[in-house]
Amino acid sequence: MRTCDCAIVRALREPDRLDQFSMAEWDTLIRQGRRADLLARLHGLVQEKNLLASLPEAPRAHLQAARVVADKQATAVAWEVRKIRAAIAHTGAPLILLKGAAYCMAALAAGRGRVFSDVDILVPRQRINHVEAALMLHGWVATQHDAYDQRYYRTWMHEIPPLLHIRRLSVIDVHHAILPETARLRPDPALLLAAAQPIADEPGVYTLAPADMVLHSASHLFCGEFGHGLRDLSDIDLLLREFGTVAGFWDGLVARAQSLDLARPLYYALHWATRLFATPVPPIVLREIDACARPSTPVKTLMNALLQRTLAPDHASCRDALSVPARALLYARAHWLRMPPHLLAYHLAHKALFPPRAATN
Amino acid sequence: MNVAHYSLAGLRQEMARDGIYLQTGAFVARVRSPVSQVAEGIHQLYADASILPTHGFADFHVTLAPPATYRRWFKPQVIFRSDGYAPFKPLPIDQAFALFEWGLNWCISSHAHQYLIIHAAAVEKHGFAAILPAPPGSGKSTLAAGLVNRGWRLLSDELTLLSREGMIQPVARPVSLKNQSIEVISQFAPQACIGRIVKDTIKGTVAHMRAPAGSVARVYEQAQPGWVIFPKYQAGVSATLTPMGGAEAFMGLAQNAFNYSLLAQEGFRRLTALMGASASYRFHYSDLEEAASVFDGIAEQRHANM
C-alpha cells in the first residue's frame, strides 16, 4: 500500500472526509494511529472542525482516550518547563525549547495532541556546563554512566547525555546544536540562538524562529530518526500551514535553509509533506528548493523508495516485503550522516566489542 | 450470534484462522489463537457473549500464540500480543486462558482512558451499583462471585469503568477466582460454571467463573453508582457494614484507580461525583450467605426509599 493511502494519513490529510470511512477502515486507522502516536493529534483536528459528534462511537472513544494522555503530558510539560526555567535562571542562559515542548508551550497547532516523552532544550555551548550543573543541583542526574558513552556524547554529539529527574523521572535532553558535531551538515547554532523568539506569557522561555522550527524538524527527520517519522512529518505539515499564513515566512524559508546548511532536509520535508498531507506549499517555493537542493535522479529514486516505506506507520497493515530492509538502510544512512567513516567504524567496533549491558546499574 | 452457538471444534478453527470478534461488554476484541486452551476457555466461559460478523471494528486485536522458539514444543509456552505488541513475558501454555483474561485487562486499563478505571468489582441490584474496590487478597472477587449467584447483576470483576456522565459501564466477563475461593464458590453456588483450575500461576491457583447469562445480556445497560464498599474477608467475623468517611473512601478509590492521575482534574471531578452519589462503607465478612443478605438489605432499603 502506498503511504499516502494509509488510513491514518488520509484521515490527517482530509479530516472532513472521515464520515466516509467504513468501520473496517476505522479499525485500521485506529491501529495505525496508535502505532504512530497520532490519535490525539487526529482528535485535535477533528475537534477543531467540530466533527467529533459525527464520528462513530467506538473509534471516537479511542481518539478521546488518546487525547486524555496527550493533555496530561501537556500539563506535565508546562510544569517541567517552569521547573527547568527556575533551575537554570541564575546561569544567564536563555531557555530555548525544541520540538514537542516548544510546540506545546507556544500553543502551536503542532502542539495540540502532540505526544512526547522528554523535553529538548538548546543552550549556548559556552553555558552548557553551567546549565548541566544547575540542573544537577535541582535533582536531574546523568543517565549514561559508561565512560565511553559519556565521551561519545560529550565529544561528538550535539547534546550532553540525557538527564533524568530523580523524583519526577522526567527526562531533559540538553543540546548545544541541532545536529552532531561530527555530522555532514553543520547548521551554525549561533544563527539559531540569535533568531530565537520569546514565548508570550512565559518570561525567559523561547522557541526557535518559525523557519528554524521547520528546519530543525526537517533535519531531525531526514538526517536520521524515523522512529516517529510520520508524526514528525505531520509536525512539519502543521508548522508550515500555521506559519505559512504569516507574511514573509515563505519568502525567507529557502534562503534560511541554505544559510543553515539544511536545504536538502528541507527539500525532502516540503516534497513529502505535500505528497502525504497536501500541505499548501507555494509552487515558487518548491521551484526554489528544487533549484538548490534536488538530489540526482538515482539518489532521488532510491530515497523515495526508502522514505515511502519508512514514513508509513510501523504497523502490519502498512508493511511490505521491503519495509524492513528500507528501515535498515535509512538507519545505516542516518549513521553515515552522523559521523565520518573512520569514527563510525570506531564507534561500531566499540559497540560490538563492548555491548551495552542489558540492565543499567 | 452467541459463542454457545458454535461447536468447540468450529470455534477453535475460526479462532485459528481469521479470529473471532468477541463482544466483551463495552469492547469488541478480535481474538486469534491456535492454542486450544484459549478456544476451550472462551467456549466454556464466554458462552453467552456475542460473536460479531467480521470485517468490522474491534477495539483490541489480540493474539495468543506459541513463541517462535523451541518453547513451542519443549515445555510449551504462549505469548499474548495486542496488535503485535507483547506487554508480558510468555507463560506456560497451561495458563493460556488466564493470560487471555489478564491481557484483555491490560488492553482496557492501558487504553480505555475515556473511563476512570478503578481496580474494583462492581455489582448491581434494583438499578444501583455497589463498587467493591480492594487490593488483591481482600476477597472482592469472591464476594462479587457470591453476590452474582444470589441475584445481583455482574458489572465487572476487575475493572470498574466510570464514564464521564458518572455511570458504571458493565464489562461482565468471567470472574477470576483464586486459591481457596474456587472451592468456596463451588460449594456456595454448585450451579456456577467454573473453568479449568490452573495451578502455580503468578497469582497462585486460579480459575474463572462464567458471568451469569442475565448479566451478559444486559451488558449495554449502564448502572448508576449507589455504594462504595471496601470488603475484607476475615475468618470468623459476622458480616458487618461500617460507615466510612467520604474523604477516606475517596482516597481509597483514588489509590485503586489506574488512571486517576492521568485524568487529572477530570478524574477528581468524576470521583467527587461518585462520592456524592454513593454511600461508603467498610465491610467485614466471613460467610458468603450472610454477606449476601446484608447486601440485599441495603439494596431493598434503597429501593424502598426511591
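Every value quoted in this text rests on a predicted model; they were computed, and no experiment measured them.

Criteria and thresholds
Residues numbered from 1 in each chain as written. Chains lettered and ligands numbered in written order. Predicted model: local features only at pLDDT ≥ 70, side-chain atom pairs only at ≥ 80, totals over all residues. Heavy atoms only, no water. Helix = DSSP H or I, 4+ residues; strand = E, 2+ residues; numbered from the N terminus. Rg over C-alpha atoms; globule rule 2.2 N^0.38 Å. Buried < 20%, exposed > 50% of the residue type's maximum accessible area, 1.4 Å probe, protein only. Pairing = 2+ DSSP bridges. Axes fitted to C-alpha atoms, helices over the stretch in contact; angles between N-to-C directions. Contact = heavy atoms within 4.5 Å. Parallel < 35°, antiparallel > 145°, perpendicular 65-115°, else oblique. Left-handed = near helix turned anticlockwise from the far one by under 90°. Nonpolar A, V, L, I, M, F, W, Y, C, P; charged D, E, K, R; others polar. 1 Å grid on protein atoms, 1.4 Å probe; cavity = no way out; pocket = protein on both sides within 12 Å on 5 of 7 lines; lining within 4 Å. Points joined across faces, edges and corners; volume = space filled by probe spheres on them. Domains from an automatic or database assignment. Patch = residues over 30% accessible without salt bridge, like charges linked within 9 Å, V, L, I, M, F, W, Y side chains within 5 Å. Areas by Shrake-Rupley, 256 points an atom, 1.4 Å probe, with all protein chains shown as cover. Salt bridge = Lys/Arg side-chain N within 4 Å of Asp/Glu carboxyl O. Core = buried A, V, L, I, M, F, W, Y, C linked by side-chain atoms within 4.5 Å. Phe/Tyr/Trp six-rings, centres within 6.5 Å; stacked < 30°, edge-to-face > 60°. Buried area = accessible area lost by both parts, 1.4 Å probe.

**Section: the overall build of chain B**
Piece 1. Scanning chain B from N- to C-terminus turns up nine helices and 17 strands.
Piece 2. The C-alpha radius of gyration of chain B comes to 19 Å, within 12% of the 19 Å expected for a compact globule of 306 residues.
Piece 3. In terms of overall dimensions, chain B has C-alpha extents of about 55 × 45 × 35 Å along its principal axes.
Piece 4. Going through the 306 residues of chain B one by one, you find that 56% of them count as buried.

**Considerations on the sheet that holds strand S13 (residues 198-201) of chain B**
Residue and element names in this part refer to chain B.
Piece 1. Read across the open sheet, the three strands follow the order S12-S14-S13; overall the sheet is antiparallel. Taken across any chain shown, the strands that pair with only one partner, and hence form the sheet edges, are strand S12 (175-178) and S13. Across the sheet, the mean angle from the axis of one strand to that of its neighbour is 40°, orientation sign disregarded.
Piece 2. As defined by bridge partners, S12 adjoins strand S14 (residues 204-209) across four bridges and the pair is classed as antiparallel. Opposite Ser176, over in S14, you have His208 as the bridge partner.
Piece 3. Packed onto the sheet, helix H5 (residues 180-188) meets S12 and S14 and runs at close to 115° relative to S12.

**Points about the packing of helix H12 (residues 263-277) of chain A against helix H14 (residues 297-310) of chain A**
All names here are of chain A.
Piece 1. Where H12 contacts H14, the two axes come as close as 12 Å, and the packing angle between them is 55°. Considering their axes alone, H12 and H14 lie oblique with respect to each other. Relative to H14, the crossing made by H12 is right-handed. Taken together, the residues of H14 that come into contact with H12 (itself represented by Tyr267, Tyr268, Trp272 and Arg275) are Val299, Lys300, Met303, Asn304, Leu307 and Gln308.
Piece 2. By residue class, the composition of the contact of H12 with H14 is six nonpolar, two polar and two charged.

**Brief notes about the layout of surface pockets**
Piece 1. Counted as a void, the second largest pocket has a volume near 920 Å³.
Piece 2. The wall of the second largest pocket is formed by 36 residues, among which Arg60, Ala61 and Gln64 of chain A together with Gln114 and Tyr115 of chain B lie closest to the centre.
Piece 3. Every element with two or more residues in the lining of the second largest pocket is listed here: helix H4 (57-88) of chain A together with strand S2 (27-32) and helix H8 (260-277) of chain B.
Piece 4. Ranked by residues supplied to the lining of the second largest pocket, first place goes to H4 of chain A with eleven residues.
Piece 5. Here the lining of the second largest pocket spans two domains, and each of domain 1 (3-110) and domain 2 (116-305) of chain B adds at least three residues to it.

**Details of a nonpolar patch on the surface**
Piece 1. A contiguous nonpolar patch, built from Tyr70, Trp73 and Phe74 of chain B and spanning about 450 Å² of accessible area, is present on the exposed surface.
Piece 2. Tracing the backbone shows Phe74 of chain B in the loop between strand S4 (60-65) and strand S5 (77-82).

**Considerations on the nonpolar core**
Piece 1. Grouped together as the largest cluster of nonpolar side chains are 113 residues, with contacts concentrated most on Leu97, Leu135, Val174, Leu233 and Leu270 of chain A.
Piece 2. A per-element tally of this core places H12 of chain A first, with ten residues.
Piece 3. The contact partners of Leu135 of chain A, leaving out residues within four places of it in the chain, are Ile84, Ala87, Ile88, Trp140, Leu163, Ile172 and Val174 of chain A.
Piece 4. Residues Leu45, Ala49, Ile108 and Val171 of chain B belong to the second largest nonpolar core, which totals 37 residues.

**Regarding the sheet that holds strand S5 (residues 171-175) of chain A**
Sheet strands line up and pair through hydrogen bonds in the backbone, either parallel or antiparallel.
Residue and element names in this part refer to chain A.
Piece 1. Reading across from one edge, S3-S4-S5-S2-S1-S7-S6 is the order of the seven strands in this open sheet, with mixed pairing throughout. Of all strands in the sheet, those bounded by a partner on one side alone are strand S3 (140-142) and strand S6 (197-198).
Piece 2. Packing of helix H6 (residues 128-137) onto the sheet brings it into contact with S3, strand S4 (163-165) and S5, and relative to S5 it is tilted by some 165°.

**Here we look at the packing of aromatic side chains**
Residues and elements named next belong to chain B.
Piece 1. A complete count under the given rule lists 20 aromatic pairs over all chains for this structure.
Piece 2. For the pair Tyr85 and Trp106, a centre-to-centre distance of 5.8 Å together with 35° between the ring planes defines the contact as tilted. Taken together, the residues span a long stretch of sequence, with Tyr85 in the loop between S5 and strand S6 (91-92) and Trp106 in helix H3 (residues 96-111) at a distance of 21 residues.
Piece 3. On the accessibility criterion, Tyr85 (48% relative accessible area) is partly exposed.
Piece 4. Residue Trp106 is classed as partly exposed on the basis of its relative accessible area, which comes to 22%.
Piece 5. A network of ring pairs unites the aromatic residues Phe128, Trp152, Trp227, Tyr233, Phe283, Tyr285 and Phe295 as a single cluster.

**Topic: unusual backbone geometry**
Piece 1. Positive phi, close to 55°, is recorded for Ala278 of chain A, a residue that is not glycine.
Piece 2. Mapped onto the secondary structure, Ala278 of chain A falls in the loop between H12 and helix H13 (283-293).
Piece 3. For Ala264 of chain B, which is not glycine, the phi torsion reads 50° and is therefore positive.
Piece 4. One can find Ala264 of chain B in helix H8.
Piece 5. By relative accessible area, Ala264 of chain B is classed as partly exposed at 38%.

**With respect to the interface of chain B and chain A**
Piece 1. Every contact between the two is made by 16 residues of chain B and, on the other side, 17 residues of chain A.
Piece 2. Taken together, both faces of the contact between chain B and chain A bury some 1,400 Å²; the carbon and sulfur share is 57%.
Piece 3. Ranking the residues of chain B by area buried against chain A places Phe57, Asp83 and Leu262 of chain B at the top, with a combined share of 42%.
Piece 4. Inspection of the chain B/chain A interface yields one salt bridge.
Piece 5. For the side of chain B that touches chain A, the secondary-structure elements that each account for two or more residues are S4 and H8 of chain B.
Piece 6. The element that contributes the greatest number of residues to the side of chain B that touches chain A is H8 of chain B, accounting for three residues.
Piece 7. Its residues placed into classes, the side of chain B that touches chain A shows six nonpolar, seven polar and three charged.

**What about the packing of helix H11 (residues 249-259) of chain A against H12 of chain A?**
All names here are of chain A.
Piece 1. Axis separation between H11 and H12 bottoms out at 7 Å; the angle between their running directions is 135°. In terms of axis orientation, H11 runs oblique to H12. Residues Trp250, Leu253, Val254, Ala257 and Gln258 of H11 lie in contact with H12, whose contacting residues are Ala263, Leu266 and Leu270.
Piece 2. A class-by-class count of the residues in the contact of H11 with H12 yields seven nonpolar, one polar and no charged.

**Observations concerning the domain arrangement of chain B**
All names here are of chain B.
Piece 1. According to the domain assignment, chain B consists of domain 1 (3-110) and domain 2 (116-305).
Piece 2. Each of domain 1 and domain 2 was reduced to a C-alpha centroid, and the two centroids are 25 Å apart.
Piece 3. Each partner contributes residues to the interface: domain 1 has 22 residues there, and domain 2 has 29 residues.
Piece 4. Ranking the residues of domain 1 by area buried against domain 2 places Leu45, Asp48 and Trp102 at the top, with a combined share of 27%.
Piece 5. Across the contact surface, domain 1 and domain 2 share two salt bridges.

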